[in-house]
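Structural overview
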Amino acid sequence: MAGGITESGEPYSPFVGLVYMFNLIVGTGALTMPKAFATAGWVVSLSLIAFLGFMSYMTTTFVIEAMAAANAQLRWKRREREEVHDSDSTSEYSDDDVMVRGRSEPETKPILSVQRSGGPVDQFDIAERVEMGQMASMFFNKVGINMFYICIIVYLYGDLAIYAAAVPISLMEVACGNHSCSAGGVKYNDTDPCWGSVSRKDAYRVFLGVFTLMLGPFTFFNAQKTKYLQILTSLMRWIAFTMMIILALIRIGKGTGEGRPPVASFSGVPNLFGVCVYSFMCQHSLPSLVTPISDKKRVGTLVLADYTLILGFYVLLSFTAIFCFDSSLLHDMYTLNFTDNCNVLDIPFLRYFLGLFPVFTISTNFPIIAVTLRNNWKTLFHRDGGTYPWVVDRVVFPLITLVPPIVVAFCTHNLESLVGITGSYAGTGIQYIVPACLVYLSRRHLEPVVGRDAINKHRSPFRHAFWVWFVLAWAGSCLIFVTANIILTDTKT
């Protein structure tokens with residue numbers, strides 16, 4: 001994510017790409033969505049999540065178009081270098097001829113195709129993986145590049161803070177919760193005892209310390225997620241999500257559901273907005289997901305199908321939750337509602353499995369996100385041709401990566417607020433502002449090179465400039481609305 005050009009990786013089928021995108025988007029945010037739905041009301045929540053899903057789909061098509069434009073730009077530069085090299089190695093041309101062939105001609109003569117050993121290749125083929133940071137360096141000015149890295153760094157900090165809080169919360173609830181069948185209606189406070197004189201809040205901090213000691217050291221090294229670990233965590237995720245939906249549906253079907261959610265409660269909209277933006281986030285990882293797809297002719301259709309399935313899944317998960325459980329008893333981490341209520345699930349092993357499910361899946365992602373954030377810090381301060389001293393490279397960057405999110409998690413474990421703030425601010429930048437600017441500037445940047453008649457086969461269905469300005473206006477209004485709501489809420493309290 002630091003923004004280099006790499007090989008596309010081992011190719012896979014469009015269906016596998018669809019599954020990978022689904023698994024990437026449906027993550028921790030889904031577990032915080034039920035409480036956000038209950039707080040905002042079911043009509044408002046349904047309307048907002050449908051609209052935000054549409055907006056996220058639109059900006060996803062923007063990023064894919066920008067990826068194709070970046071590939072065309074790379075082909076043009078490669079062709080320019082080859083022509084300069086050919087001119088230099090051919091004695092029959094004068095210096096003036098070299099100047100014309102090397103510089104003037106590629107800028108005025110559009111490239112129609114790029115020849116390779118396998119035949120003509122469309123200039124907009126997405127053959128090389130160009131990460132978001134590299135696209136920013138190609139199409140943004142220096143200020144835009146720095147703003148991009150600041151935005152993604154803030155987002156990753158929020159991600160790490162959410163992960164650092166979610167795991168200790170789950171461990172604390174399992175270790176301190178009353179798992180008798182009569183505990184489903186009990187609402188615990190942080191000051192309630194856990195182990196003798198140790199309060200629940202103290203137990204949470206103990207687990208946070210253990211979590212930091214076990215996973216924090218990975219920030220100082222390189223860590224990579226293995227294929228089999230991905231398969232295992234994906235399998236666990238789907239078992240857990242399917243269980244929760246089915247169990248809630250059974251309880252509702254029996255007529256014993258306790259949920260009476262409001263139709264609309266606008267005070268919960270800002271948090272819901274942040275949760276939904278966070279839960280649809282995938283734009284920053286699209287280059288790694290889309291580039292290896294073997295047949296990209298129907299990428300647009302696959303992305304639309306993915307977003308439709310994800311929207312349906314989120315609505316099903318959240319609606320079954322808010323009508324199954326009393327809204328006041330919904331946990332920030334939805335899995336915890338199944339650990340202390342035998343009316344829903346009376347098999348101890350499965351209750352502990354759901355309670356500990358976030359621990360296993362989130363713990364595998366934490367080192368990956370931490371290393372990604374560390375590398376983005378290095379790229380932000382990178383000097384051409386320069387290297388960092390050993391202490392700065394191996395100690396300072398890992399520490400500034402690890403310490404802030406751990407401090408935030410130590411101060412608060414309110415996951416709904418953490419997800420809401422991360423999604424509302426940094427998430428708005430990554431999901432709306434950056435894709436809109438990328439697609440707009442890539443179009444302007446490439447038009448003199450490829451010509452007005454060249455058609456990007458991966459161009460967004462929302463190709464009119466109106467949609468770019470609509471996304472930017474929407475993002476700006478959302479930031480103003482969320483900030484104003486936070487200020488007004490703090491003033492009232």
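Residues numbered from 1 in each chain as written. Predicted model: local features only at pLDDT ≥ 70, side-chain atom pairs only at ≥ 80, totals over all residues. Heavy atoms only, no water.

1. A short note on the overall build of the protein
- The number of helices and strands found in the protein is 15 helices and six strands.
- Considering only contacts in the protein between residues 6 or more positions apart, those separated by 24 or more positions represent 86%.
- Split by element, the accessible area of the protein, about 22600 Å² in all, is 63% carbon and sulfur. (Helix = DSSP H or I, 4+ residues; strand = E, 2+ residues; numbered from the N terminus. Contact = heavy atoms within 4.5 Å. Areas by Shrake-Rupley, 256 points an atom, 1.4 Å probe, with all protein chains shown as cover.)

2. Description of the nonpolar core
- Ranked by internal contacts, the top residues of the largest apolar core, which has 142 residues, are Met135, Phe273, Tyr314, Tyr334 and Tyr432.
- For this core, the element with the highest residue contribution is helix H6 (residues 142-176), accounting for 19 residues.
- The residues touching Tyr314, leaving out its near neighbours within four places in the chain, are Ile25, Val26, Gly27, Ala30, Met33, Ile49, Ser279 and Phe280. (Core = buried A, V, L, I, M, F, W, Y, C linked by side-chain atoms within 4.5 Å. Buried < 20%, exposed > 50% of the residue type's maximum accessible area, 1.4 Å probe, protein only.)

3. Quick notes on the packing of helix H1 (residues 14-25) against helix H11 (residues 299-324)
- Relative to each other, H1 and H11 sit at 40°, their axes nearing to 10 Å. Compared by their axis directions, H1 and H11 come out oblique. In the crossing of H1 with H11, the sense of the turn from one axis to the other is right-handed. Contacts between H1 and H11 involve Pro14, Gly17, Leu18, Met21, Phe22 and Ile25 on the former and, on the latter, Leu302, Val303, Ala305, Asp306, Tyr307, Leu309, Ile310, Phe313 and Tyr314.
- Within the contact of H1 with H11, the residues separate by chemical class into 13 nonpolar, one polar and one charged. (Axes fitted to C-alpha atoms, helices over the stretch in contact; angles between N-to-C directions. Parallel < 35°, antiparallel > 145°, perpendicular 65-115°, else oblique. Left-handed = near helix turned anticlockwise from the far one by under 90°. Nonpolar A, V, L, I, M, F, W, Y, C, P; charged D, E, K, R; others polar.)

4. Looking at the confidence of the model for the protein
- Looking at the protein, the pLDDT average stands at 81 and 84% of residues meet or exceed 70.
- Of all helices and strands in the protein, the one with the weakest mean pLDDT is strand E2 (residues 114-116) (41), whereas H11 scores best (92).
- Overall, residues 96-120 carries pLDDT values under 50, and its contacts beyond four positions in sequence, including any with other chains, amount to 41 contacts. (pLDDT = per-residue confidence, 0-100.)

5. Some remarks on the packing of aromatic side chains
- In this structure the tally under the stated criterion is 32 aromatic pairs.
- Geometrically, the ring pair formed by Phe148 and Tyr149 is edge-to-face, given 5.1 Å between the ring centres and 75° between the ring planes.
- The class for Phe148 is buried, based on a relative accessible area of 1%.
- Under the relative-accessibility criterion, Tyr149 is labelled buried at 5%.
- Ring centres of Phe280 and Tyr314 lie 5.4 Å apart, and the angle between their planes is 70°; this geometry places the pair in the edge-to-face category. With Phe280 in the loop between helix H9 (269-279) and helix H10 (286-290) and Tyr314 in helix H11, the pair connects residues that are 34 residues apart, well separated along the chain. For the pair formed by Phe280 and Tyr314, the shared burial category is buried.
- Directly above the aromatic system of Phe410 lies the positively charged group of Arg205, at a separation of 4.2 Å from the ring centroid. (Phe/Tyr/Trp six-rings, centres within 6.5 Å; stacked < 30°, edge-to-face > 60°. Lys NZ or Arg CZ within 6 Å of the ring centre and 35° of its normal.)

6. So, the side chain of Ser170
- On the secondary structure map, Ser170 appears in helix H6.
- With residues near it in sequence (within four places) discarded, Ser170 still touches Met333, Leu336, Gly355, Pro358 and Val359.

7. Quick word on the state of the cysteines
- Throughout the structure, instances matching the rule amount to one disulfide.
- Each disulfide pairs two cysteine sulfurs, and for Cys176 the partner residue is Cys194, the sulfurs being separated by 1.9 Å. Looking down the S-S bond of the Cys176 and Cys194 bridge, the torsion is -75°, so its handedness is left-handed. One end of the pair, Cys176, is in helix H6; the other, Cys194, is in strand E5 (residues 193-195), with 18 residues separating them in the sequence. Each member of the pair, Cys176 together with Cys194, is buried. (Disulfide = S-S within 2.5 Å.)

8. Notes on the pattern of salt bridges
- Enumeration over the complete set of coordinates arrives at nine salt bridges.
- The partner of Asp125 in a salt bridge is Lys457, and the shortest N-O contact between them spans 2.3 Å. On the criterion of sequence distance, the pair formed by Asp125 in the loop between strand E3 (119-121) and strand E4 (129-130) and Lys457 in the loop between helix H14 (415-450) and helix H15 (465-492) is long-range, its members being 332 residues apart. (Salt bridge = Lys/Arg side-chain N within 4 Å of Asp/Glu carboxyl O.)

9. So, the side chain of Thr320
- Examined against the element boundaries, Thr320 turns out to sit in helix H11.
- On the basis of relative accessibility, which here comes to 4%, the residue Thr320 falls in the buried class.
- At a separation of 2.8 Å, a polar atom in the side chain of Thr320 contacts the main-chain carbonyl oxygen of Leu316. (Polar contact = N/O pair within 3.5 Å; in protein donor to acceptor, adjacent residues only side chain to side chain.)

10. What about helix H13 (residues 390-411)?
- The terminal C-alpha atoms of H13, which comprises 22 residues, lie 32 Å apart, in line with the 32 Å expected from a rise of 1.5 Å per residue.
- The largest bend in H13 is about 30°, located at Val396, with the proline Pro398 one to four residues further on.
- Where H13 is concerned, the buried positions are Asp393, Phe397, Pro398, Thr401, Leu402, Pro405, Ile406 and Ala409.
- Along its buried surface, H13 packs onto H6, helix H7 (200-215) and helix H12 (348-380). (Expected span 1.5 Å × (residues − 1). Bend = angle between axes of the 7 residues up to and from the residue.)

11. Thoughts on the environment of Gln73
- Assignment of secondary structure puts Gln73 in helix H3 (residues 42-88).
- Residues Gln73 and Val449, spaced 376 residues apart in sequence, show a C-alpha to C-alpha distance of 8.3 Å.
- If we ignore the near neighbours within four places in the chain, the residues touching Gln73 are Met138, His445 and Leu446.

12. Remarks on helix H2 (residues 28-40)
- Compared with an ideal rise of 1.5 Å per residue, which puts 13 residues at 18 Å, H2 spans 19 Å between its outermost C-alpha atoms and is within 8% of the ideal.
- Pro34 marks the point of greatest bend in H2, at about 30°.
- With eleven of 13 residues buried, H2 is to be regarded as a mostly interior element.
- Taken together, the buried positions of H2 are Thr28, Gly29, Ala30, Leu31, Thr32, Met33, Pro34, Ala36, Phe37, Ala38 and Ala40.

13. Re the UniProt feature "transmembrane region" (unreviewed entry) in the protein
- Taken from the UniProt record, the annotation "transmembrane region" (unreviewed entry) applies to residues 12-31, 43-70, 139-158, 203-223, 235-252, 302-329, 349-373 and 466-488.
- Measuring from the first to the last C-alpha atom of residues 302-329 gives 38 Å, for a span that is 82% helix and 0% strand. (UniProt positions renumbered as here; feature names shortened; annotations may be inferred.)

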